[in-house]
Number of protein chains: 2
Amino acid sequence: MRLSSLLFLVCFFTVAMSQCAAAAKARHFRWEVSNMFWSPDCEEKVVIGINGQFPGPTIRAKAGDTIVVHLKNGLHTEGVVIHWHGIRQIGTPWADGTASISQCAINPEETFTYRFVVDKPGTYFYHGHYGMQRAAGLYGSLIVDVADGEEEPFKYDGELNLLLSDWYHESIYTQMVGLSSNPFRWIGEPQSLLINGRGQFNCSLAAAHTPGAKQCAGAGNRHCAPVILPVLPNKTYRLRVASTTSLASLNLAVGNHKLTVVEADGNYVEPFDVDDIDIYSGDSYSVLLTTDQDTSANYWVSVGVRGRQPKTAPALAVLNYRPNRASRLPASAPPATPAWDDFARSKAFTYRILGRGTPPPPATSDRRIELLNTQNRMGGVVKWSINNMSMVLPATPYLGSLKMGLRSALPSAARPSDTFGRGYDVTRPPANPNTTVGDNVYVLAHNATVDVVLQNANALARNVSEVHPWHLHGHDFWVLGYGDGAFRGDAGDAAALNLRNPPLRNTAVIFPYGWTAIRFVSDNPGVWAFHCHIEPHLHMGMGVIFAEAVDRVGELPKAAVSCGATATALMAGAGAGGHV
Amino acid sequence: MRLSSLLFLVCFFTVAMSQCAAAAKARHFRWEVSNMFWSPDCEEKVVIGINGQFPGPTIRAKAGDTIVVHLKNGLHTEGVVIHWHGIRQIGTPWADGTASISQCAINPEETFTYRFVVDKPGTYFYHGHYGMQRAAGLYGSLIVDVADGEEEPFKYDGELNLLLSDWYHESIYTQMVGLSSNPFRWIGEPQSLLINGRGQFNCSLAAAHTPGAKQCAGAGNRHCAPVILPVLPNKTYRLRVASTTSLASLNLAVGNHKLTVVEADGNYVEPFDVDDIDIYSGDSYSVLLTTDQDTSANYWVSVGVRGRQPKTAPALAVLNYRPNRASRLPASAPPATPAWDDFARSKAFTYRILGRGTPPPPATSDRRIELLNTQNRMGGVVKWSINNMSMVLPATPYLGSLKMGLRSALPSAARPSDTFGRGYDVTRPPANPNTTVGDNVYVLAHNATVDVVLQNANALARNVSEVHPWHLHGHDFWVLGYGDGAFRGDAGDAAALNLRNPPLRNTAVIFPYGWTAIRFVSDNPGVWAFHCHIEPHLHMGMGVIFAEAVDRVGELPKAAVSCGATATALMAGAGAGGHV
């Protein structure tokens, strides 16, 4: 255990937090979420901003600090929450920021206080977790440095922060209606990719190298001005890269420069060198880059689409070797994004990610949950299902309803299954017509070692199986292995898992027609979402809920349960009739 | 008092409502509000519908009936409420359906039950009253017939129902952001006018008579198919007309036919004949029409814009003399809408509306509240203010916070003034820089007779004073008089008011640079909005709140106070920590 973690634990169990001020401090933020006009890719639309900014402000803290965000909802008629992606919320499950799961959505004009400890250094981000508000622009970076006196296991001279996203011109309202409509309307591919909230629609910064593209006009200080990343020659930089895309799987490369991967999802990994990295929605990485190239030039940072046939131009940023002018665009062509369907290449990258200095997983597990995803049609509407149940989110958040024993507040009485059986042919479209909607709540015992096998399969269309990056709240997990086809269980694949040095992550991808096996310890009482991080897929029901030792959760803040059946239950007996 | 009213009172104070079944019955409705694709004027956009319909279902009841609407919110992230416009909600102020005022907005996936008595026959409607959801299509008709055994004071053979609205192609989200932006972005004039939710954008049903217009293609059974009003020759029809426009003041005429005005806002009026009627947002009328014209022809019903320079084509419907084919469009030109700025004509129409069989007002009033409206700039954002205070709507609805004495839940400590003084020049743009935002809550004693004088004035631009139709919740009021210029008070105008046969209404217009005086008795304990019915004007703060004998309000349904400070107060002591 690191010193910072130890100090954090001491502080956590010490009533007078101020005694720990030397080791960790509380960082306060007052934020207001509101709709505003913004032009991320030079096209104006209504964007959800924080304090008038898009993306939201970057939070920077040190491991062990307490983050306190007073979040006011300045939207007119919509609720809002913010999820702190990658932060485990140990002891504070009500601050996880998932509507219908960890808390009641914050009503317009209300302020909710998120208070949580960032216990582990790393590259994180935050984002809306209600409806598809993330896709409307509600996100920002959260970067946790090592605690004072600690050191990272690698050296660098400077940092560059790249928060990646994709961008749609249709409003999220239109997108959500389409996804719930019969006939179904898919959101399609994004119009633009954004780096730190900036992109260029319908033009290219590198038109000379992009057949058919026109050169972007000088954007000056507009919302869509190119991102400039200033560096000095012969230094090593840490690029922090995180993806909050709605749909797109991405690949990032820097012209002429190698990258050394050193961190994934807030955990150190065994360093390895690559020309480019794949990054799925929900992932974060740190890569080291050394500015050892011709110092008279600037270089392109290019972010393109992988895993789906790309219909969106790459996003470009400028690695600006000082003292070159920032406005001097690189003369060379931007690095080409690898072929979208070269999954062998994607797998090779993903499989190289191994833990460094992270604890090994328990040698055996107490329970294995096998989750098959299928696409199904229910009442004419296309849904994603897990073991034949499509997740719906109820009016009363699970954390409150489960803690208070309000079973009638759950969407369904049926409990989801731990397995889909072995009879399923993952290469064929689903034949199962008996799909249902439900709460998909898996109840986990305290301190159990849980394996989850995510099994991919064919979607409704023939010969289509998509990439899905699954994200777990409240935990890191070990990624024990990946495979193609159907998971063969104890007889086959289970015996071949990596128990020696698997990486710790919070997001893991499943490849088309493949499976991914993860392991975690249910040591964090709370109710945690586990879901595909693709925004429309989650909206279509692609997720489950882990209800973990809910009886050990501390007293819930009133504001987290001030809605639905929990509010009704808590108000019962108090009476609304008399003057107070 | 009518028999039906007497029976209603008997029923109201009888525990076993079923004993009153013969006289009045409960009518139950299960509604779900959701966003859906719809093409009201042939252009598709996201529309708020009820049970998949736009406009929402028509409610038809008899005086004395109890309406029970189980309203499920099927929106994804937005709250919702429905206001029953013109229904006084005697004894049920929590069912008035005004977010932040009478109840907490209904959260997504929640169901709220509206239960109220429709005590008075008339032409009403219902609509959303949260943000600008009315403008997104959340509305429908509510028609109350006389109770069994009662008769209307006029005869007719059939009915035609016309719910009028205007239509914008921009989403309400974009509209709301624009209205709150610096620089301010006005919503502009509507793209279309709709009759019963149908209009035709960018084409005309009567192109031959409309220079520059192209003929609409046959719309068949599409959302924007023309409204057909079938009639038989030589009969008298009651046209029920209500306007739920966001902005537009309208004028309705029927080619070749006279109209006899008999009802306004659910109250009978002295019949008078006209060629056309003006109808402002929030108004409803019944007019009688006799089918005494050439029976071989069909006729246009035309609805055009008044009061603002019209940039929107009239809406047309077909009065179809059977057995003529419905698809035979009238050969004649649609009736021309009177000049938009002929306010003398508008005033002449409005001034002719007088009460018929309605009780006279009390001879004197206990209090006079004079409300000057001005347009002001606050922090670069354009606001409407009343006596220098622009109304904001708080997180905790007033009915709950006032009844429970939670003063800290009010937006401001400052109480609004009963007068703006006489120093103001209504013909000049406001010079007052000390405008503020506040709750604009006027506390009214029980059973007081209250006069309100609405004073119009110049907006921010020179020589601009707009029409504002003000709507009162929870009451009808007598319209005692109108005048031009500044109201001269006791010395002048107050003495000349009509106390003999003023009409009872729930909506009254103020003309440019003019004033309108109303009187009502505060005999309905509750918290009632009084506001300009123009949706963007209300959104910009043009309204006040009447808190009336709140101590006499009965026990509030928990669901109406299950948010904000009222929920917090009611949950206090109950504790959220233990298992229930």
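Basis of the calculations
Residues numbered from 1 in each chain as written. Chains lettered and ligands numbered in written order. Predicted model: local features only at pLDDT ≥ 70, side-chain atom pairs only at ≥ 80, totals over all residues. Heavy atoms only, no water. Least-squares fit on C-alpha atoms with pLDDT ≥ 70 in both. Disulfide = S-S within 2.5 Å. Helix = DSSP H or I, 4+ residues; strand = E, 2+ residues; numbered from the N terminus. Buried < 20%, exposed > 50% of the residue type's maximum accessible area, 1.4 Å probe, protein only. Pairing = 2+ DSSP bridges. Axes fitted to C-alpha atoms, helices over the stretch in contact; angles between N-to-C directions. Contact = heavy atoms within 4.5 Å. Domains from an automatic or database assignment. Buried area = accessible area lost by both parts, 1.4 Å probe. Salt bridge = Lys/Arg side-chain N within 4 Å of Asp/Glu carboxyl O. Polar contact = N/O pair within 3.5 Å; in protein donor to acceptor, adjacent residues only side chain to side chain.

### Details of the relation of the copies chain A and chain B
Next up, step 1: Here chain A sits on chain B after a turn of 180 degrees about the axis and a move of 0.0 Å along it, with an RMSD of 0.0 Å. The two molecules are tied by a two-fold rotation axis, judged by turn and shift. Among all residues of chain A, the one whose C-alpha sits closest to the rotation axis is Glu78 of chain A, at a distance of 2.0 Å.

### Let's talk about the state of the cysteines
Defined simply, a disulfide is a covalent bond joining two cysteines at their sulfur atoms.
Residues and elements named next belong to chain B.
Next up, step 1: Applying the stated criterion across every chain yields a total of 6 disulfides over all chains.
Next up, step 2: One disulfide in the model links Cys104 with Cys563; its S-S distance is 2.1 Å. Of note, the bridge from Cys104 to Cys563 carries an S-S torsion of about -85 degrees and is left-handed in sense. Here Cys104 is found in the loop between β5 (82–85) and β6 (111–117), whereas its partner Cys563 is found in the loop between β32 (543–548) and α6 (564–571), with 459 residues between them in sequence. Grouping residues by exposure puts Cys104 and Cys563 together as buried.
Next up, step 3: Through a disulfide, Cys203 is tied to Cys216; the S-S separation comes to 2.1 Å. Across the S-S bond linking Cys203 and Cys216, the dihedral sits near 95 degrees, which makes this disulfide right-handed. Highlighted residues: Cys203 in the loop between β10 (192–195) and β11 (227–231) and Cys216 in the loop between β10 and β11, separated in sequence by 13 residues. For the pair shown, Cys203 and Cys216 are each scored as buried.

### What about the sheet that holds β11 of chain B?
Residues and elements named next belong to chain B.
Next up, step 1: Pairing within the open sheet is mixed, and its 5 strands lie in the order β11-β19-β18-β13-β16. Strands at the two margins of the open sheet, each flanked by one partner only, are β11 and β16 (276–279). Averaged over neighbouring strand pairs, the angle between their axes works out to 20 degrees when direction is ignored.
Next up, step 2: Of the pairings in the sheet, the one linking strand β18 (residues 299–306) to strand β19 (residues 315–321) comprises 5 bridges and is antiparallel in character. If you follow Ser302 over to β19, its bridge partner there is Leu316.
Next up, step 3: Sheet strands in contact with helix α3 (residues 343–351) are β13 (249–254), β16 and β18, and its direction is about 90 degrees off that of β16.

### Comments concerning the domain arrangement of chain A
All names here are of chain A.
Next up, step 1: Per the domain assignment, the segments making up chain A are domain 1 (3–145), domain 2 (158–351) and domain 3 (367–567).
Next up, step 2: For domain 2 versus domain 3, the separation of C-alpha centres amounts to 29 Å.
Next up, step 3: In this complex, domain 2 contributes 27 residues to the contact, which on the side of domain 3 involves 24 residues.
Next up, step 4: Approximately 2,200 Å² of surface area, both sides summed, lies buried where domain 2 meets domain 3, with 60% of it carried by carbon and sulfur atoms.
Next up, step 5: Taken together, domain 2 and domain 3 are joined by 4 salt bridges.
Next up, step 6: The shortest N-O distance in the salt bridge between Arg505 and Asp265 comes to 3.1 Å.
Next up, step 7: Our enumeration of links across domain 2 and domain 3 arrives at 13 residue pairs in polar contact (both at pLDDT 80 or more).

### Looking at the sheet that holds β6 of chain B
Next up, step 1: Taken in spatial order, the 4 strands make up an open sheet running β2-β1-β4-β6 (chain B), and their pairing is mixed. The sheet is open, and its two borders are formed by β2 (45–50) and β6 of chain B, each paired with just one other strand. Each neighbouring strand pair of the sheet contributes to a mean axis angle of 20 degrees, computed without reference to strand direction.
Next up, step 2: Bridge count between strand β1 (residues 26–38) of chain B and strand β4 (residues 66–73) of chain B: 8 bridges; the pairing is parallel. Residue pairing for β4 of chain B: Arg30 of chain B is matched across the bridge by His70 of chain B.
Next up, step 3: Along the sheet face, helix α2 (residues 172–179) of chain A touches β1 and β2 of chain B and points at about 110 degrees away from the line of β1 of chain B.

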